[in-house]
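Descriptive analysis of the structure
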Amino acid sequence: MTTDTGIDTGIDTGIDTGFNKVIERPEIRSIGAYDFPSRSAQELYGDDQLVHVWYDGNPWFVAAACFRAPKAMSFGDFWAALLVPYHEEDPDWLASWTPADFEWGLDDAPWTPDEGASLASLGVGHKSVIRMVKK
Amino acid sequence: MTLTPDKPKAKARKLSMKERYSALTRDLDWDPSYVPADEMFPYTTFEGIKIHDWSKWEDPFRLTVDAYTKYQAEKDRRLYAVLDGFAQSQGHLSLTDASYLNAMKLFLQGVSPLEYQAHRNFAYLSRHLNGPGPRFASLCQSLDEIRHAQTEIHTLSNYNKYYSGFHSYLHMHDRVWYLSVPKSFFDDALSAGPFEFLIAIGFSFEYLLTNLLFVPFMSGASFNGDLPTMTFGFSAQSDESRHMTLGLEAIKFLLEQDPDNVPIVQHWIDKWFWRGYRVTALVAQMLDYMLPRKVMSWKEAFELYFEQQMLGGLFQDLAYYGIKPPRDVGKAIQEKEHLSHQAYWILYQFSHAAAFTTSVPSDETLDWLEEQYPDTFPTYRALWDKEKKNVANGGRHFVRGLPQLCQVCQIPMGFTEADSPFTICQRSVVFEGERYNFCSDGCQNIFEHEPVKFRQAWLPVHQIYQGNCGGADLGDVMQWYGMQPGDGGEYLGSPDHQNWLRWHAQADHSELGED
Ligand SMILES: [Fe+2]
Ligand SMILES: [Fe+2]
Ligand SMILES: [Zn+2]
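Rules of the game
Residues numbered from 1 in each chain as written. Chains lettered and ligands numbered in written order. Predicted model: local features only at pLDDT ≥ 70, side-chain atom pairs only at ≥ 80, totals over all residues. Heavy atoms only, no water. Helix = DSSP H or I, 4+ residues; strand = E, 2+ residues; numbered from the N terminus. Rg over C-alpha atoms; globule rule 2.2 N^0.38 Å. Buried < 20%, exposed > 50% of the residue type's maximum accessible area, 1.4 Å probe, protein only. Contact = heavy atoms within 4.5 Å. Areas by Shrake-Rupley, 256 points an atom, 1.4 Å probe, with all protein chains shown as cover. Pairing = 2+ DSSP bridges. Expected span 1.5 Å × (residues − 1). Bend = angle between axes of the 7 residues up to and from the residue. Axes fitted to C-alpha atoms, helices over the stretch in contact; angles between N-to-C directions. Donors = N, O, S within 2.8 Å, 3.2 Å for Na, K, Ca; no water. Tetrahedral: all angles 85-135°; square planar, octahedral: opposite > 155°, others 65-115°. 1 Å grid on protein atoms, 1.4 Å probe; cavity = no way out; pocket = protein on both sides within 12 Å on 5 of 7 lines; lining within 4 Å. Points joined across faces, edges and corners; volume = space filled by probe spheres on them. pLDDT = per-residue confidence, 0-100.

Here we look at the overall build of chain B
Each helix and strand counted, chain B has 23 helices and 5 strands in total. Relative to the compact-globule value of 24 Å for 515 residues, chain B shows a C-alpha radius of gyration of 25 Å, a close match. Over its C-alpha atoms, taken along the principal directions, chain B stretches across nearly 90 × 65 × 45 Å. The buried share of chain B, reckoned over its 515 residues, is 60%. Expressed as a percentage of contacts within chain B between residues at least 6 apart in sequence, the contacts between residues at least 24 apart total 79%. A total accessible area of about 20800 Å² is found for chain B, and carbon and sulfur atoms account for 55% of it.

Remarks on the sheet that holds strand S2 (residues 48-55) of chain A
The strand order S5(A)-S4(A)-S6(A)-S2(A)-S3(A)-S2(B) describes an open sheet built from 6 strands, whose pairing is mixed. The sheet terminates laterally at strand S5 (109-111) of chain A together with strand S2 (402-403) of chain B, the two strands that pair on one side only. Here 6 bridges tie S2(A) to strand S3 (residues 65-70) of chain A, and the two strands are oriented antiparallel to one another. Within S3(A), the residue paired with Gln49(A) across the bridge is Ala69(A).

A closer look at the pairing of strand S4 (residues 102-106) of chain A
Residue and element names in this part refer to chain A. Most of S4 sits out of view: 4 of its 5 residues are buried. Where S4 and S5 come together, 3 bridges link them in antiparallel fashion. Pairing of leucine 106 across the sheet is with alanine 109, part of S5. Turn length for the S4-S5 hairpin, with the two strands adjacent in sequence and antiparallel, is 2 residues, and the turn residue aspartate 107 shows positive phi of about 50 degrees.

Concerning helix H1 (residues 75-87) of chain A
Taking 1.5 Å per residue, 13 residues should reach 18 Å; H1(A) reaches only 16 Å between its end C-alpha atoms and comes up short. Of all the bends in H1(A), the greatest, near 25 degrees, is centred on Ala81(A), and the proline Pro85(A) appears no more than four residues after it. What H1(A) keeps buried is the set Phe75(A), Gly76(A), Phe78(A), Trp79(A), Leu83(A), Val84(A), Tyr86(A) and His87(A). For H1(A), the elements touching its buried residues are S2, S3, S4, S5 and strand S6 (128-134) of chain A together with S2 of chain B.

Considerations on the sheet that holds strand S4 (residues 434-438) of chain B
One open sheet accounts for 3 strands, arranged S1(A)-S3(B)-S4(B); its pairing is mixed. Since the sheet does not close on itself, it has two edges, and those belong to strand S1 (21-23) of chain A together with S4 of chain B, each with one partner. In this sheet, adjacent strand axes meet at a mean angle of 35 degrees when their direction is disregarded. Examined bridge by bridge, S1(A) and strand S3 (residues 427-431) of chain B share 3 bridges and lie parallel to one another. By the bridge assignment, Val22(A) is partnered in S3(B) with Val430(B). Here helix H19 (residues 441-449) of chain B sits on the sheet and contacts S1 of chain A together with S3 and S4 of chain B; the angle it forms with S3(B), its principal contact strand, is near 15 degrees.

Considerations on the coordination of the zinc ion (ligand 3)
Residue and element names in this part refer to chain B. Summarising the metal site, the zinc ion (ligand 3) is bound by the protein donors Cys406 (SG), Cys409 (SG), Cys439 (SG) and Cys443 (SG), whose distances to it range over 2.3 to 2.4 Å. Relative to the metal, the 4 donor atoms surrounding the zinc ion (ligand 3) lie at angles of 106 to 116 degrees, and the coordination shape comes out tetrahedral. Taken in chain order, the donor set of the zinc ion (ligand 3) reads C-x2-C-x29-C-x3-C. Residue cysteine 409 is found in the loop between S2 and S3, and its partner cysteine 439 is found in the loop between S4 and H19; the two are separated by 30 residues along the sequence. For the pair formed by cysteine 409 and cysteine 439, the shared burial category is buried.

Observations concerning empty space enclosed by the protein
Residues and elements named next belong to chain B. Applying the stated criterion across every chain, the model contains 4 cavities of 30 Å³ or more. Considered as a void within the structure, the largest cavity measures approximately 180 Å³ in volume. Surrounding the largest cavity, 17 residues form its lining, Pro60, Phe61, Ala137, Arg242 and Leu246 being those nearest its centre. Only helix H6 (132-160) and helix H12 (227-257) provide two or more residues apiece to the lining of the largest cavity.

Thoughts on the environment of Ala301(B)
All names here are of chain B. Looking at the element boundaries, alanine 301 is found in helix H14 (residues 298-318). Separated by 68 residues in the primary sequence, alanine 301 and glycine 233 have C-alpha atoms spaced 18 Å apart. Contacts of alanine 301, omitting those with residues within four sequence positions, involve Leu212, Leu287, Met296 and Phe306.

Observations concerning the confidence of the model for chain B
Chain-level statistics for chain B give a pLDDT mean of 94 and a share of 96% at 70 or above. Scored by ipTM, the complex comes to 0.94, with pTM at 0.94.

Description of the coordination of the iron ion (ligand 1)
Residue and element names in this part refer to chain B. Around the iron ion (ligand 1), the protein contributes the donor atoms Glu115 (OE), Glu145 (OE) and His148 (ND1), at 2.0 to 2.2 Å from the metal centre. All donors to the iron ion (ligand 1) come from one chain, and their sequence spacing reads E-x29-E-x2-H. In this structure, the iron ion (ligand 1) is positioned 3.3 Å from the iron ion (ligand 2). Here the residue glutamate 145 and the residue histidine 148 both occupy positions in helix H6, the gap between them amounting to 3 residues, near one helical turn. Here the two residues glutamate 145 and histidine 148 agree in accessibility, since each one is buried.

Below you can see the structure in the form of structure tokens.
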């Protein structure tokens, strides 16, 4: 893309946007030792973790939700106790909907959540993104 | 015994302004002999910037202390005369609408504290830069910035007598979720080295983005009957032109001193363009939604002040040094049709946790927005139509929970993909075993360069979940934020709205005649 003024403004900025990309520690320029822990490490939440839920295709919710949920919580309980109370505020949400009404993704890959299995055993990690799309 | 003073000899010739400036800066400078220079100036090497000759710094403004104070005192006198007159004549009643003040609440909570932080960091530069010219320019800017903080607070304090949301701005600035956006932006600059700060604030904030960050609030004031804020804006303007010059001189000086500085400066331009641009999301929604009488649309402002003036002007000049336009500028251009709509939709559905109010835009505003954004607004308008129905059925769209935040800009992740502009942009990387989430390639790129810095980000949502914000339910958090009932939520029916209607029903407007 080029602007009127002839400046190339290519949107492809060449960054690797792989969702699970692992990055290395770059060189740090500082006036002394600089190594401080994450202010949101999983350990700060005990047996819980943060879980994001992105209702893709529904702009009513301007951003994905962020929940604090036990790692051992079953997906069925997560659905009933956290996900539905948040999303039923949308006037188009139907009380009859179940997880089977949606297609699911986890951290950018297709995903089939089993309602009886725990979030951890289903691969949901700290700050993972669960994506749901209405069928 | 009396002492007779010596008779003055020949009367000393008065120095010219230029000579006095030179005496103040160059003549008061010295080469250290008790300690090596790098002990006296310990912070100007670690960033990798190479400076060979500090005397090459040009001082476009040759101010002296007496000239500075005389000039500023005159401006302050004029400003305070306006403030007094406005207060005495109940000037607040002639604003376009009480809802206009939402823009000023955002300004006082989000921007004025940054003026104070700018004052602090320029004071630090005025001690720690090696060259006497830039040290004195930094000292002047440091004084300007504390005056800006003080005069903004004085200017807006009059509204605190009559309107909600103005009472605890400093307390809120350090705690509230949307204020963590400007706060974390400035904290990032404050915790960087002196040269990065000069590019971050001196160049990017004061030069590259000032017409999109600071000026729109002042134009909004002048269009909406806010004479005090407008007068403050004028009084700051002459300072701002000095700040712009300092920013531009800083970047040219760094680029001319050593070719090795160029890639470092380029990365800072890329980073601080995107950091600053993300903060402008708050300004974009203010221009398009919060102002009852519009100045211009965000898209127009972006095209004029950024695309034409900066990309078309400044970056053509910087190309001489091998500097390219900011890395993610293409995304910002693509977003100009979306940014304000997405940002206001965020604030609208979370304003129950804010110290300003929001409301469904009037039909007049919706039509205006559709004129300004014919390609994209119809899609956003459909959301407002849905919300209007929701309100008619007794609802009001307030999200029942907390949103996902970007690790870098800290804004709820409501921004979208360039190639699919109605799909939320989701990015993440894993660093030393932990996942981090981002709203955009720009924010991801910044994180990848400084993950150890940005993993310490104080993200409001995560802090609430860790129990660090007063408690687990919304009421506890609001109390910890320093909010009072009526500060946030829906504008219609709010205390500000009710008072406004009452004052105007009571007021005798016969002297204004018909119309
Ligand atoms: Fe300022
Ligand atoms: Fe400034
Ligand atoms: Zn971001």
